[in-house]
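Structural overview for review
Okay, here's what each chain looks like letter by letter:
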Amino acid sequence: MQKKVIITGGCGYIGSHTVVECLENYTKKNGYEQDYQIISIDNHLNSSSSVIENIKKLTGREVKNYDIDLCDYDKTKEVFEKEVNSSSESDSEIIGIIHFAALKSVPDSVADPVFYYQNNLNSLLNILKLSKEYKVENFIFSSSCSVYGNVEKLPVSETTPFGAAESPYAYTKQVGERMIIDFAKTSEHQKFVLLRYFNPVGAHISAQIGEDPKNPPTSLVPIITLTAAGKRDKMHVHGSDYNTRDGSCIRDYIHVSDIAEAHRLAIDFLVENNQNDNKEVNQVEIFNLGTGNGVTVLEAIKAFEKVSNKKLNYKLGERREGDVVEIYADNEKAKTVLGWIPKYGIEEMMRSAWKWQKNVLGN
């Protein structure tokens, strides 16, 4: 039985890994393989169209991508219309949406907040409206630990109250979650999962896909690998006087393939519980996706130097506007409900990121 899942931002960093995860790992339910046909929508604002070919090399399967800006409602609607009517099979339908497509740079959002609000919120609004119109029952939203802000108690659980958003990017995730919660009240046939990831890093074990943004990266690990590869002269550690064990910010780094697996488990969770009409599952479920371990920026740098045998040229600099001081996850709910167990440690994350840098980016 072929079921379609639309993945917005399917050519992006986490989106592409999730596409591969869904294609390579069929879920066996009730005696049949739940094998999803993946439809990507990605306008390549911060990704490359070559990712689709790399996915085919990895999985041996075709993935259709629509080069559409989700902020354009009419063109996005054409995708839904075409996919609903593109098969003669009576059981062919769009069974779920995984919505990644959004801009995610904290400093870029501080520099251009209006663009972030327009892109991240309008695209979500359009995809929600179309999910209801075309009766797509299962919806997963790519959220972020940035919704918590600076917290008083660690680790953070799904019930930790939101603090003040430290950046426009973080605020788009807070507002996006509220939009979904309000929207759900008007659409009883739909169920939603909000996945709050912490800091995705690393690359697929094959080194065929990884983090390769078009725009200059602002995340730590691609800056580390580009510096090690000589594509950057040096890197800066933003802040060395925080009240942490070495003065640098603390983050919960999580391997991107672990994040991708959580999305597959989440869509299976929604599909299974909708099919069984499980009344015990909330209409909106929220899960933290992190390892539960806090790692400082300087510890992450040392882990990279250890696995790569490369000495990084870095300089301790001023704090960066929009950065949270310290955050890491309580991930017990994802473990218990989804059966999700992170597999990779910080050294494995760094090793895979470095392999991607060397094998794919030509160093």
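For the structure itself, look to the data block above.
Right, let's walk through the structure included here. For clarity, every value in this text was computed on a predicted model and none was experimentally measured. (Residues numbered from 1 in each chain as written. Predicted model: local features only at pLDDT ≥ 70, side-chain atom pairs only at ≥ 80, totals over all residues. Heavy atoms only, no water.)

1. Things to note about the pattern of salt bridges
Worth spelling out the cut-off: Salt bridges are defined by distance alone: a side-chain nitrogen of Lys or Arg within 4 Å of a carboxyl oxygen of Asp or Glu. Helix and strand labels come from DSSP, where a helix needs a run of H or I of at least four residues and a strand needs a run of E of at least two; each type is numbered from the N terminus. Here's how the labels work: a residue is buried when its accessible area is under 20% of the maximum for its type, exposed when over 50%, partly exposed in between, all with a 1.4 Å probe on protein chains only.
Scanning the entire structure with this criterion turns up 19 salt bridges. Its salt-bridge partner being Asp 182, residue Arg 178 comes within 3.0 Å of it at the nearest N-O pair. Of this pair, Arg 178 and Asp 182 both sit in helix 6 (residues 168-184), four residues apart, which is roughly one turn of the helix. Assessed through its relative accessible area of 52%, Arg 178 is described here as exposed. Accessibility expressed as a relative area gives 32% for Asp 182, which makes it partly exposed. The residue Arg 319 makes a salt bridge to Asp 241 at a minimum N-O spacing of 2.9 Å. Taken together, the positions of Arg 319 in the loop between strand 15 (314-317) and helix 10 (332-338) and Asp 241 in the loop between strand 10 (235-238) and strand 11 (250-251) put the pair 78 residues apart, joining distant regions of the chain.

2. Things to note about the sheet that holds strand 6 (residues 94-99)
Stated precisely, the cut-off is as follows: The pairing criterion for strands is at least two bridges between them, as found by DSSP. The angle between two axes is taken between their N-to-C directions and runs from 0 to 180 degrees, where each axis is a line fitted to C-alpha atoms and a helix contributes only its stretch in contact. Two residues form a contact once any of their heavy atoms are found within 4.5 Å.
What the seven strands build is an open sheet, ordered 5-4-1-6-7-8-13; its pairing is parallel. Looking at strand neighbours, the two that pair on one side only are strand 5 (64-66) and strand 13 (284-289), the edges of this open sheet. Direction aside, the axes of adjacent strands within the sheet are offset by 20° on average. Note: strand 6 against strand 7 (residues 138-144), four bridges, orientation parallel. Paired with Ile 97 across the strands is Phe 139, a residue of strand 7. Relative to the sheet, helix 1 (residues 13-24) contacts strand 1 (3-8), strand 4 (36-41), strand 6 and strand 8 (191-197), its axis offset from that of strand 4 by approximately 165°.

3. Re helix 6
An α-helix turns once every 3.6 residues. As a result, residues three or four positions apart point the same way. As a reminder, the rule being used: Expected helix span is taken as 1.5 Å per residue step, with the number of steps being one fewer than the number of residues.
The terminal C-alpha atoms of helix 6 lie 24 Å apart, and with 17 residues this matches the ideal 24 Å at 1.5 Å per residue to within 8%. Most of helix 6 is tucked away, with 12 of its 17 residues classed as buried. Where helix 6 is concerned, the buried positions are Pro 168, Tyr 169, Ala 170, Thr 172, Lys 173, Gln 174, Gly 176, Glu 177, Met 179, Ile 180, Phe 183 and Ala 184.

4. What to know about the layout of surface pockets
Condition: The definitions used throughout rest on a 1 Å grid laid over the protein atoms alone, on which a cavity is an enclosed set of points accommodating a 1.4 Å probe that cannot get out and a pocket is an open set flanked by protein within 12 Å on both sides along at least five of seven lines; lining residues are those having an atom within 4 Å of a point. Grid points are joined across faces, edges and corners, and a volume is the space filled by probe spheres set on the points. Lys, Arg, Asp and Glu make up the charged group, whereas Ala, Val, Leu, Ile, Met, Phe, Trp, Tyr, Cys and Pro make up the nonpolar group; the residues left over, Gly among them, are polar.
When its volume is computed, the second largest pocket comes out at roughly 230 Å³. Taken together, 14 residues line the second largest pocket, and the ones lying closest to its centre are Glu 21, Asn 25, Ser 257, Glu 261 and Tyr 344. Counting only elements with at least two residues in the lining of the second largest pocket, the list comes to helix 1 and helix 8 (256-275). It is helix 8 that provides the largest number of residues to the lining of the second largest pocket, a total of five residues. Tallied by class, residues from the lining of the second largest pocket come to four nonpolar, four polar and six charged.

5. A closer look at unusual backbone geometry
Residues Leu 154 and Pro 155 are joined by a peptide bond in cis, for which omega reads -5°. The residue Pro 155 is located in the loop between strand 7 and helix 6 in this model. For Lys 135, which is not glycine, the phi torsion reads 55° and is therefore positive. Here the phi dihedral of Ala 207 falls at roughly 65°; this positive angle occurs in a residue that is not glycine. Structurally, the position occupied by Ala 207 is in the loop between strand 9 (199-201) and helix 7 (220-228). Assessed through its relative accessible area of 0%, Ala 207 is described here as buried.

6. Some words on the nonpolar core
Quick note on the threshold: Among buried residues, the Ala, Val, Leu, Ile, Met, Phe, Trp, Tyr and Cys ones that are joined through side-chain atoms within 4.5 Å form a nonpolar core.
Counting residues in hydrophobic clusters, the biggest one holds 40 residues, and the most contacted among them are Ile 38, Ile 140, Val 193, Leu 195, Leu 289 and Trp 340. Ranked by the residues each element gives to this core, the list is headed by helix 8, at nine residues. The contacts of Val 193, once residues within four sequence positions are left out, are Phe 139, Ile 140, Phe 141, Ala 266, Phe 269, Leu 270, Glu 285 and Phe 287. Counting 28 residues, the second largest nonpolar core, distinct from the first, contains Ile 39, Val 79, Phe 80 and Tyr 134.

7. Things to note about the packing of helix 3 (residues 73-84) against helix 5 (residues 113-133)
Axis angle and axis distance: for two packed helices, these are the angle between their axes and the distance between the axes, and together they describe the pair. What counts is decided by this rule: The crossing is said to be left-handed when, going from far helix to near helix, the turn is anticlockwise and less than a right angle, and right-handed when the turn is clockwise.
Contact geometry of helix 3 with helix 5 gives a least axis separation of 10 Å together with a crossing angle of 35°. Seen along the crossing, helix 3 lies across helix 5 with a hand that is right-handed. Where helix 3 approaches helix 5, its residues Tyr 73, Thr 76, Lys 77 and Phe 80 are matched on the opposing element by Asn 126, Ile 127, Lys 129, Leu 130, Ser 131 and Glu 133.

Without other data, these values stay purely geometric and don't point to any function.
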